[in-house]
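Chain and residue survey
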Amino acid sequence: MPDPDDLPRFHGRIVPWVTPWSAAPVLPEPLVLGLRGRGIAYRDESVHDRTDDGVLLARGRGRRATDAAGRPLYEQLDPRRQRRALARLLCQVCGEPPPRSPNGMLWLLAGPPDGDPEDVLTITPPVCPEPCAVLALEQCPALAGGHTALRVRRPRAWGYRGALHTPALLRGEDPVQLPYGDPRLPWLLADLAVIRLTGCTPCTLKEGHTP
């Protein structure tokens, strides 16, 4: 269990591990057509710019010059940390592995789930029951209008969210979610990972008490 006093704060408010900072420079993403025009690529692409299955990754932001620089962008997710959190099942608030339970790991989602609450697609990483979930309920504006707490026994990697591009390198207005193996993936600039939550049990989560 993380110590609440060790979590970073900004003007008294907790800054989740997956939150980017305004002072971190936005990294350039010079897009070009890929080999034989079959998808998109970076002009200065490196081996770190793609997933193991060849999907082009958004670079997001670099490192801040100092820990005190800028302000947290609470409304955004740091792409690299979000992808790492879902790949390794790390807590979105503290960045550590949440405790395991026979009932599954805890997920805290804003609002009601879309569709079947026992089979959910989300970009949200898990959360430690205490103190992270309690602090999130107390301080997160996205949860103020309602939330869904789930114990998840079978979280499974599902795919990617990002911007779909055309051969003219035009970017789609709205982000899309594509599963692994989708034929459109060569044209996707993926910023976030998507996970599928199955074996879900809704649970009660109140400030100061976690299941």
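Residue numbers restart at each chain and count upward from 1, following the sequence in its written direction. Only residues with pLDDT of at least 70 get local features here, since the model is predicted, and only at 80 or more are side-chain atom pairs given and counted; chain-wide, interface and lining totals rely on the full set of residues. For the side-chain quantities, the full set of heavy atoms in the structure was used; hydrogens and water were omitted.

A short note on the layout of surface pockets
- Here a cavity denotes a set of grid points, spaced 1 Å apart and computed over the protein atoms alone, in which a 1.4 Å probe fits but from which it cannot get out, and a pocket denotes an open set meeting protein on both sides within 12 Å along at least five of seven lines; residues with an atom within 4 Å of a point are reported as lining. Grid points are joined across faces, edges and corners, and a volume is the space filled by probe spheres set on the points. Empty space within the largest pocket amounts to approximately 840 Å³.
- The wall of the largest pocket is formed by 33 residues, among which Gln92, Ala110, Thr124, Cys140 and Ala142 lie closest to the centre.
- Those elements that place two or more of their residues in the lining of the largest pocket are strand E2 (13–14), strand E6 (105–110), strand E7 (119–122), helix H2 (129–139) and helix H3 (141–144).
- Working definition: helices are DSSP H or I runs of at least four residues, strands are E runs of at least two. Numbering for both runs from the N terminus. Considering each element in turn, the lining of the largest pocket owes the most residues, four residues, to H2.

Things to note about the state of the cysteines
- For the purposes of this analysis, a disulfide is any pair of cysteine sulfur atoms at a distance within 2.5 Å. Taken as a whole and judged by the stated rule, the model has zero disulfides.
- The thiol of Cys140 is not disulfide-bonded; the next cysteine sulfur, from Cys91, is found 12 Å away.

Concerning unusual backbone geometry
- Note that the residue after Glu130, namely Pro131, is joined by a cis bond; omega there is -5°.
- Along the chain, the position of Pro131 falls in helix H2.

A few points about H2
- Buried residues dominate H2, accounting for eight of its eleven residues.
- Here's how the labels work: a residue is buried when its accessible area is under 20% of the maximum for its type, exposed when over 50%, partly exposed in between, all with a 1.4 Å probe on protein chains only. Within the span of H2, buried status applies to Pro129, Pro131, Cys132, Ala133, Val134, Leu135, Ala136 and Leu137.
- Buried residues along H2 sit against E2, E6, H3 and strand E8 (147–164). In what follows, a contact means two residues having at least one pair of non-hydrogen atoms within 4.5 Å.

Details of the packing of aromatic side chains
- Planes of paired rings set the category: under 30 degrees apart is stacked, over 60 is edge-to-face and the rest tilted, where pairs are Phe, Tyr or Trp rings (Trp by its six-membered ring) whose centres lie within 6.5 Å. For the structure shown, the criterion picks out two aromatic pairs.
- Each ring, one from Phe10 and one from Trp21, has its centre 6.0 Å from the other, and the planes form 80°; the classification is edge-to-face. Of this pair, Phe10 sits in strand E1 (residues 9–10) while Trp21 sits in the loop between E2 and strand E3 (31–33); the two residues are eleven residues apart in sequence, bridging distant segments of the chain.
- Since its relative accessible area comes to 25%, Phe10 is described here as partly exposed.
- The exposure class of Trp21 is buried, given its relative accessible area of 12%.
- Pairing Tyr160 with Tyr180 gives two aromatic rings, centres 5.3 Å apart and planes at 80°, and the pair type is edge-to-face. One end of the pair, Tyr160, is in strand E8; the other, Tyr180, is in the loop between strand E9 (176–179) and strand E10 (188–203), and 20 residues separate them in sequence.
- Two conditions define a charge sitting above a ring: the NZ of Lys or the CZ of Arg must be within 6 Å of the ring centre, and it must be within 35 degrees of the ring normal. Positioned above the aromatic ring of Tyr74 is the side chain of Arg13, whose terminal nitrogen or guanidinium carbon lies 3.6 Å from the ring centre.
- The ring of Tyr42 has Arg59 lying over it, and the distance from NZ or CZ to the ring centre is 4.1 Å.

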